[in-house]
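What follows is the residue order along each chain.
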Amino acid sequence: MENKKYQKLSKAALIISILPLAALLAGPLHIGLSETARSIWAVTNIVLAAAGLILSVICVKNSESRSPVNVLAVCINALWGLVIAGILIVAVFINYIMPEAAF
């Protein structure tokens, strides 16, 4: 019973970790979004990356449920976390440390 629970959780973590890729579809499909929609989408991506990382770490911590799918989900979510952290660092740097270079 426990193993089935972790299998469902690992599948959910993998799906949640792939959902932020949908934000990249707007460019090639020439879909224009308003500022509000882009802000909501950015917050949604941050929440999805955090939720996916938490779910996948829960699955990987249990040695019985550790599988390649769980490890892949952790890697994808860690990558999303690094991308989000990098964007935040660049935004803070441009807006607060070098405000004269802001566009």
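This write-up is about the structure you can find in this document. As the structure is a computational prediction, the values presented were derived from the model and not from experiment. (Residues numbered from 1 in each chain as written. Predicted model: local features only at pLDDT ≥ 70, side-chain atom pairs only at ≥ 80, totals over all residues. Heavy atoms only, no water.)

### Details of a nonpolar patch on the surface
Then, number 1: A surface patch of nonpolar side chains, amounting to about 370 Å² of accessible area, comprises Leu25, Leu29, Ile31 and Leu33.
Then, number 2: Topologically, Leu33 is positioned in the loop between helix H1 (2–18) and helix H2 (35–61).
Then, number 3: Judged by relative accessible area, which is 39%, Leu33 ranks as partly exposed. (Patch = residues over 30% accessible without salt bridge, like charges linked within 9 Å, V, L, I, M, F, W, Y side chains within 5 Å. Areas by Shrake-Rupley, 256 points an atom, 1.4 Å probe, with all protein chains shown as cover. Salt bridge = Lys/Arg side-chain N within 4 Å of Asp/Glu carboxyl O. Helix = DSSP H or I, 4+ residues; strand = E, 2+ residues; numbered from the N terminus. Buried < 20%, exposed > 50% of the residue type's maximum accessible area, 1.4 Å probe, protein only.)

### So, the nonpolar core
Then, number 1: Residues Ala13, Leu14, Ile16, Leu48, Leu55 and Ala73 constitute the largest nonpolar core, which totals 6 residues.
Then, number 2: The element that contributes the greatest number of residues to this core is H1, accounting for 3 residues.
Then, number 3: Setting aside residues up to four positions removed in sequence, Ile16 forms contacts with Leu48, Gly52 and Leu55. (Core = buried A, V, L, I, M, F, W, Y, C linked by side-chain atoms within 4.5 Å. Contact = heavy atoms within 4.5 Å.)

### Things to note about the environment of Ser67
Then, number 1: Topologically, Ser67 is positioned in the loop between H2 and helix H3 (68–97).
Then, number 2: In sequence terms Ser67 and Ser10 are 57 residues apart; their C-alpha atoms lie 8.8 Å from each other.

### Describing the pattern of salt bridges
Then, number 1: Applying the stated criterion to the full structure yields 1 salt bridge.
Then, number 2: Glu35 serves as the salt-bridge partner of Arg38, at 2.8 Å between the closest nitrogen and oxygen. One end of the pair is Arg38 and the other is Glu35, both in helix H2 and 3 residues apart, which spans about a single turn.
Then, number 3: Take Glu35: its relative accessible area is 55%, and that puts it in the exposed class.

### Side note on unusual backbone geometry
Then, number 1: For His30, which is not glycine, the phi torsion reads 55 degrees and is therefore positive.
Then, number 2: Among the structural elements, His30 can be located in the loop between H1 and H2.
Then, number 3: The exposure class assigned to His30 is exposed, which follows from its relative accessible area of 73%.

### Section: the side chain of Ser56
Then, number 1: Considering the arrangement of structural elements, one finds Ser56 in helix H2.
Then, number 2: Here Gly52 takes part through its backbone oxygen, which lies 2.8 Å from a polar atom of the side chain of Ser56.
Then, number 3: Residues within four places of Ser56 in sequence aside, it is in contact with Ala13, Asn70, Ala73, Val74 and Asn77. (Polar contact = N/O pair within 3.5 Å; in protein donor to acceptor, adjacent residues only side chain to side chain.)

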